[in-house]
Amino acid sequence: MRKLSLKIFIGVCVIILIIIGIMLCPYFYIKKINITGNGIVSREDILKTSGLDSPDVNLYAFNSFSAEENLLKNPYIGSVSFQRTFPDTLSIDIKERKPCGYIPYTNTFLFMDNEGRILDSKSYYTNPLPVVYGLNFNNFTLGEKLNVTEPEKLQTVVDLSRLMDTYNLTEQVVRLDVSNTYDIHLYVNNIDVVIGEFTDVNWKIGALSEIIKKLSPDDKGILDISSPNKTPAFKYLT
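What this report covers is the structure whose coordinates are included nearby. Because the structure is predicted, anything quoted here is derived from the model rather than measured.

### Notes on the overall build of the protein
Along the backbone of the protein there are 5 helices and 12 strands. Expressed as a percentage of its 238 residues, the buried residues of the protein come to 38%. A separation threshold of at least 6 residues defines the contact pool for the protein, and within that pool the share at least 24 residues apart is 48%. Summed over all atoms, the accessible surface of the protein reaches about 14200 Å², with 53% contributed by carbon and sulfur.

Here you go:
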């Protein structure tokens, strides 16, 4: 029995020594890091946050769980996965959240994704996305869904944003107003698009995508697509 216990002890020690040897061996230091899926978050930030900005990180000693936890603190990162490839390559796949609109707040704009989550807060914006009006709230937390006083309005914005993305309209709509959910308006260039109630919206947004193809960016007027039972009407304004 003692001999068996001694053999087990020696075996465990050998295994531990092998593991330590692997973790300390420069042969297994990460020499190549492949990062995919990132467009907003820079490679440098991903490496630094993951603890991979050092040249002597061992492939098998690297703590991917801790790295994932740290990366997910960035509101723009929705998910992350790691894959090790023997002997020295690490692949990181990032799934980013992307802004679908901006919400004015005091002297800033809140960047919101298509789940109603706030990704960023800046005094300016550059990408062409709708500016959203009509949402009432007192504060916000980066990375969290906006806590509005009327949740149905936020859900309306979320659903419309997804539809606009489906019909490739997100960058053409400059403003979205849900102040009155019975009289929703979109603004495309100089055109006030009357959506009306949040009903038959798939038809309405689909109709909008076809109609604006026939209009000039200089056209100014009111487009009423509030009812699928009526022919869409465009009234020119001078």
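This is not the end of the story, as more comes after the structure.
### Things to note about the layout of surface pockets
Here the largest pocket defines a volume of roughly 280 Å³. Along the wall of the largest pocket there are 15 residues; nearest its centre are Pro99, Tyr102, Phe111, Asn127 and Leu129. Among the secondary structure elements, those contributing two or more residues to the lining of the largest pocket are β4 (99-105) and β6 (118-122).

### Overview of the packing of helix α2 (residues 43-50) against helix α3 (residues 64-71)
Running from N to C, α2 and α3 cross one another at 130°; their axes reach a closest spacing of 8 Å. Accordingly, the angle class assigned to the pair α2 and α3 is oblique. Between α2 and α3 lies a crossing of right-handed hand. Along the contact surface, α2 presents Ile46, Thr49 and Ser50, while α3 presents Ala67, Asn70 and Leu71. When the residues that make up the contact of α2 with α3 are grouped by side-chain class, the tally is 3 nonpolar, 3 polar and no charged.

### Brief notes about the nonpolar core
With 34 residues, the main nonpolar core has Ile103, Leu135, Leu146, Leu176, Leu186, Val193 and Leu208 as its most contacted residues. Elements with a minimum of two residues in this core: β4, β5 (108-113), α4 (151-166), β8 (173-177), β9 (184-188), β10 (190-196) and α5 (201-211). If you tally residues by element for this core, the top one is α4, at 6 residues. Excluding residues within four positions of it along the chain, Leu135 makes contact with Ile103, Leu146, Val148, Lys153, Leu154, Val157 and Val178. Membership of the second largest hydrophobic core comes to 22 residues, among which are Tyr76, Tyr102, Leu119 and Leu129.

### Digging into the side chain of Thr89
Positionally, Thr89 belongs in strand β3 (residues 89-96). Here the side chain of Thr89 touches Asp88 through a polar contact of 3.4 Å, side chain to side chain. Once residues lying within four places of it in the same chain are set aside, the contact partners of Thr89 are Lys32, Asn34, Leu59, Gln83 and Arg84.

### Some thoughts on the packing of α4 against α5
Relative orientation of the contacting elements α4 and α5 amounts to 40°, with a least axis distance of 10 Å. Taken as axis vectors, α4 and α5 run oblique relative to one another. In this structure, α4 meets α5 at a crossing whose hand is right-handed. Residue-level inspection shows Leu160, Leu163 and Met164 of α4 in contact with α5, the latter providing Val201, Asn202 and Ile205.

### Description of the pairing of β3
For strand β1 (residues 32-36) and β3, the ladder comprises 5 bridges, and the chain directions are parallel. Directly across from Ile35, in β3, lies its bridge partner Ile92. Of the pairings in the sheet, the one linking strand β2 (residues 77-85) to β3 comprises 8 bridges and is antiparallel in character. Across the sheet, the residue bridging to Thr85 is Thr89, located in β3.

### Let's talk about the pairing of β9
Most of β9 is tucked away, with 4 of its 5 residues classed as buried. Pairing analysis gives 4 bridges linking β8 to β9, with the strands arranged antiparallel. Looking at β9, one finds that Arg175 is bridged to Tyr187. Here β8 folds back onto β9 in antiparallel fashion, the turn holding 6 residues. Judged from the 5 bridges that link them, β9 and β10 form a sheet pairing that is antiparallel. Note on β10: the bridge partner recorded for Ile184 is Gly196. Two successive antiparallel strands, β9 and β10, enclose a turn made up of 1 residue, where Asn189 displays a positive phi of approximately 55°.

### Digging into the packing of aromatic side chains
Inspection of every chain in the model, using the stated rule, returns 7 aromatic pairs. With 5.5 Å between their ring centres and 65° between their planes, Phe62 and Phe82 make a pair best called edge-to-face. Taken together, the residues Phe62 in the loop between α2 and α3 and Phe82 in strand β2 connect sequence positions 20 residues apart. For the ring pair Tyr105 and Phe140, a centre distance of 5.4 Å and an interplane angle of 90° mean the geometry is edge-to-face. In this pair, Tyr105 sits in strand β4 while Phe140 sits in the loop between β7 (131-133) and α4, placing the two residues 35 residues apart along the sequence.

Rules used in this analysis
Residues numbered from 1 in each chain as written. Predicted model: local features only at pLDDT ≥ 70, side-chain atom pairs only at ≥ 80, totals over all residues. Heavy atoms only, no water. Helix = DSSP H or I, 4+ residues; strand = E, 2+ residues; numbered from the N terminus. Buried < 20%, exposed > 50% of the residue type's maximum accessible area, 1.4 Å probe, protein only. Contact = heavy atoms within 4.5 Å. Areas by Shrake-Rupley, 256 points an atom, 1.4 Å probe, with all protein chains shown as cover. 1 Å grid on protein atoms, 1.4 Å probe; cavity = no way out; pocket = protein on both sides within 12 Å on 5 of 7 lines; lining within 4 Å. Points joined across faces, edges and corners; volume = space filled by probe spheres on them. Axes fitted to C-alpha atoms, helices over the stretch in contact; angles between N-to-C directions. Parallel < 35°, antiparallel > 145°, perpendicular 65-115°, else oblique. Left-handed = near helix turned anticlockwise from the far one by under 90°. Nonpolar A, V, L, I, M, F, W, Y, C, P; charged D, E, K, R; others polar. Core = buried A, V, L, I, M, F, W, Y, C linked by side-chain atoms within 4.5 Å. Polar contact = N/O pair within 3.5 Å; in protein donor to acceptor, adjacent residues only side chain to side chain. Pairing = 2+ DSSP bridges. Phe/Tyr/Trp six-rings, centres within 6.5 Å; stacked < 30°, edge-to-face > 60°.

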